[in-house]
Amino acid sequence: MRLNNPASISGSFPDKHRRILPTRVVVAGSSNRDKSNGSLLMATDESTATLKEMRDGYAEVVDPKSGVSGGVQDVYGEDTATEDQPVTPWSVSVASGYSLLRDPHHNKGLAFSEKERNSHYLRGLLPPTVISQELQVKKMLHNIRQYQVPLQKYMAMMDLQERNQKLFYKLLIDNVEELLPIVYTPTVGEACQKYGSIYSRPQGVFISLKDKGKVLEVLRNWPEKNIQVIVVTDGERILGLGDLGCHGMGIPVGKLSLYTALGGIRPSACLPVTIDVGTNNEKLLDDEFYIGLRQKRAIGQEYAELLHEFMTAVKQNYGERILIQFEDFANHNAFDLLEKYGTTHLVFNDDIQGTASVVLAGLISAMKFLGGSLADQRFLFLGAGEAGTGIAELIALEISKQTNMPLEETRKKIWLVDSKAIKPTILIGTSGQGRTFTKEVVEAMASLNEKPIIFSLSNPTSQSECTAEEAYTWSQGRAIFASGSPFDPFEYGDNVFVPGQANNAYIFPGLGLGLIMSGAIRVHDDMLLAAAEALAGQVTQENFDKGLLYPPFKNIRKISAHIAAEVAAKAYELGLATRLPPPKDLVKYAESCMYSPAYRTYR
Ligand SMILES: NC(=O)C1=CN([C@@H]2O[C@H](COP(=O)(O)OP(=O)(O)OC[C@H]3O[C@@H](n4cnc5c(N)ncnc54)[C@H](OP(=O)(O)O)[C@@H]3O)[C@@H](O)[C@H]2O)C=CC1
Ligand SMILES: CC(=O)C(=O)O
Ligand SMILES: [Mg+2]
């Protein structure tokens, strides 16, 4: 049995008979000596599962009992398909004793069983009680609810992520609707604004101008080798908050937490990156707690060269199938980067493409329940930047596919600047400017349309073009409203309206999973359309009757599995997939690949 890409390891056993391990080791389960190359393979217990080599050298775990296979290159024993099987807590070395309690990947805190406490040198290092993961979740939730200030909740969550990764994800997955606004928008925006003062431990990889010529070396300092997805920012357009420089790191960290919690990508395969080319934010440059380079932003050739070195190093280090998500770059770089690397790398821009897909999904579901077609609508955008033009282009593409009209014609239905004469049926805010949908604007929409569709997409909440309360009140309860950051349900007359959250968080985790599980090598617009259709397909009449254009986030893993399946199907159809043959049931396969936050039993 031989696996490609085994983790390279040298380390020590915890007991007094310290010895260096052979250098080619793969984690999980009972050990087998691979005679062919002398390496120690820690393969999944062969009585219940076998590791088989994929045609392309990737390892897949197959459970012969259920026949369900899973694990996108998951030799880590972290996926749903193998969650019942015992594993050894391997990392670079076998974690045990004090170091095991401080290893966030394997720490279980008070949930270590008596047997594990005995065999892993934990006696005396923990108080006597043994509790379940469920009780730990209950306790953490109770503690987090004690904080009145969202930023304190955020810090408690980050602290947990650093202490006990599985508990962090279990808590987040089981309470996604309550905790998403903490680890993501709006609170992550405030966290970025105050990142320097709340900074305690480094997260992700920082690549600065100082690293020019050494970016590959910098990447190699990251302990995980089998990275599948990178979210990268240069911090110049953080939500609608502007240039936050190096403090933008909160965004890749937050987005990747969602990749795991919402899309099931294992945390060890996720790498947050911030490229620090300086900042033009004078306040930050004067801030004694600022953690980035204290200089004005590099532009032109200097900027392009560092970015190019990064893109080249990423592919060299992680291969052709590494997914790179561009996030919160400023407009003047975002489109150029996407165009430049779209044909050579597996890249997408979440603000342009992910947002387009989620808004299109909302519009498809609005049409489904209201009647009518996209081709009959007139669209008005406030804000013609990344999000605005990305959405407009995808809508035009969808209408063109639906009607066979040329793209040039379908684009004419969409106005990206203020135009009082067009009588829009759909109003979309992507300006990054709060309260720009005034009473007059919303009333005008309501006078023109029985059911005005209004999207206030700008983040965080302070930048939303209008609030849910304003949209429902000024339209006398007739608006179909969705916003980028969450708003509480609003009571108007006899009705309680639940505003949908039109946020790319619905799309990118499932899109990413679909790309990874099919081994896609490029992102294609048709995949974005497929993702939008898949998301819209999950919206029920019951959701819509409450005012929701999207299904509730509490079902997000199921939703992501459907999106992943459709994206993967499209990758196979377009000949862009490399993991062959395609699994028979793509939804089941997507589910089986998903990271499981359940504790594993340590032998
Ligand atoms: N809900 C979601 O999933 C997402 C939400 N967003 C949010 O959308 C917002 C915009 O992001 P993005 O498109 O990337 O940013 P960009 O900077 O690319 O675009 C902003 C656009 O808004 C225009 N604009 C600014 N002020 C006004 C105004 N008062 N009236 C009309 N237009 C105005 C800008 O024009 P000019 O350049 O001339 O100033 C520009 O065209 C942000 O708040 C971001 O958080 C983004 C991605 C996803
Ligand atoms: C949601 C998001 O990606 C943004 O506001 O930039
Ligand atoms: Mg963004």
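Owing to the predicted nature of the structure, the values given are computational and were not obtained by experimental measurement.

**Side note on the coordination of the magnesium ion (ligand 3)**
Move 1: Protein-derived ligands of the magnesium ion (ligand 3) are Glu327 (OE), Asp328 (OD) and Asp351 (OD), with the metal-ligand distances lying across 2.1 Å.
Move 2: Summarised as a motif, the one-chain spacing of the donors to the magnesium ion (ligand 3) is E-D-x22-D.
Move 3: Classification of Glu327 as buried rests on a relative accessible area of 1%.

**Some words on the site of ligand 2**
Move 1: Surveying the vicinity of ligand 2 reveals the residues Tyr184, Arg237, Leu239, Lys255, Glu327, Asp328, Asp350, Asp351, Asn459, Asn503 and Asn504.
Move 2: Contact between ligand 2 and Arg237: an oxygen atom at 3.0 Å from a side-chain N or O atom of the residue.
Move 3: Take Glu327: an N or O atom from its side chain is 3.0 Å from an oxygen atom of ligand 2.
Move 4: Expressed as a share of its isolated accessible area of 220 Å², the protein-covered part of ligand 2 is 90%.

**Comments concerning the pairing of strand β13 (residues 426–429)**
Move 1: Taking every second residue as pointing to the same face, both faces of β13 are buried, with Ile426 and Ile428 on one and Leu427 and Gly429 on the other.
Move 2: Across 4 bridges, strand β11 (residues 379–382) lies against β13 in parallel orientation. Counted as the bridge partner of Phe379 is Ile426 from β13.
Move 3: Both β13 and strand β14 (residues 453–456) contribute to a ladder of 4 bridges, which runs parallel. By the bridge assignment for β14, Leu427 is matched with Ile454.

**Considerations on the nonpolar core**
Move 1: Core analysis: the largest hydrophobic core is formed by 123 residues, its most contacted members being Tyr259, Ile395, Phe455 and Tyr550.
Move 2: Not counting residues up to four positions away in its chain, the partners in contact with Tyr550 are Val358, Val359, Ala361, Gly362, Phe455, Ala482, Gln501, Ala502, Tyr506, Leu535, Val539 and Asn543.
Move 3: If you look at the next biggest cluster of nonpolar residues, it comprises 35 residues, including Val205, Val215, Leu216 and Ile275.

**Brief notes about the site of ligand 1**
Move 1: As a structural note, the neighbourhood of ligand 1 is formed by 23 residues, with Arg237, Asn331, Glu386, Ala387 and Ala502 the closest of them.
Move 2: In this structure, an oxygen atom belonging to ligand 1 sits 3.4 Å away from a main-chain N or O atom of Gly240.
Move 3: Contact between ligand 1 and Ala384: an oxygen atom at 3.0 Å from a main-chain N or O atom of the residue.
Move 4: For ligand 1, whose free accessible area comes to 930 Å², the fraction covered by protein is 71%.

**Here we look at the pattern of salt bridges**
Move 1: The final tally for this structure, using the stated rule, is 25 salt bridges.
Move 2: We note a salt bridge from Arg163 to Asp159, for which the minimum N-O separation is 3.4 Å. Taken together, the residues Arg163 and Asp159, both in helix α4 (residues 150–163) and 4 residues apart, mark about one turn of the helix.
Move 3: According to the relative accessible area criterion, Arg163 is partly exposed, its value standing at 40%.
Move 4: Salt bridges here are not isolated pairs; linked through shared partners, they connect Asp159, Glu162, Arg163 and Arg201.

**Some words on the sheet that holds strand β8 (residues 270–276)**
Move 1: Taken in spatial order, the 5 strands of this open sheet run β6-β8-β7-β9-β10, and their pairing is parallel. Edge strands, defined here as strands with exactly one partner in the open sheet, are β6 (205–208) and β10 (346–349). This sheet shows a mean twist of 25° between the axes of neighbouring strands, independent of strand direction.
Move 2: Pairing of strand β7 (residues 229–233) with strand β9 (residues 323–326), which is carried by 4 bridges, proceeds in the parallel orientation. Bridged to Ile230 within β9 is Ile324.
Move 3: Docked against the sheet, helix α10 (residues 250–263) engages β7, β8, β9 and β10, running at close to 165° with respect to β8.
Move 4: Helix α14 (residues 350–370) contacts β9 and β10 of the sheet and is inclined by roughly 75° relative to β10.

The rules behind each value
Residues numbered from 1 in each chain as written. Chains lettered and ligands numbered in written order. Predicted model: local features only at pLDDT ≥ 70, side-chain atom pairs only at ≥ 80, totals over all residues. Heavy atoms only, no water. Donors = N, O, S within 2.8 Å, 3.2 Å for Na, K, Ca; no water. Buried < 20%, exposed > 50% of the residue type's maximum accessible area, 1.4 Å probe, protein only. Near = heavy atom within 4 Å. Polar contact = N/O pair within 3.5 Å; in protein donor to acceptor, adjacent residues only side chain to side chain. Areas by Shrake-Rupley, 256 points an atom, 1.4 Å probe, with all protein chains shown as cover. Helix = DSSP H or I, 4+ residues; strand = E, 2+ residues; numbered from the N terminus. Pairing = 2+ DSSP bridges. Core = buried A, V, L, I, M, F, W, Y, C linked by side-chain atoms within 4.5 Å. Contact = heavy atoms within 4.5 Å. Salt bridge = Lys/Arg side-chain N within 4 Å of Asp/Glu carboxyl O. Axes fitted to C-alpha atoms, helices over the stretch in contact; angles between N-to-C directions.

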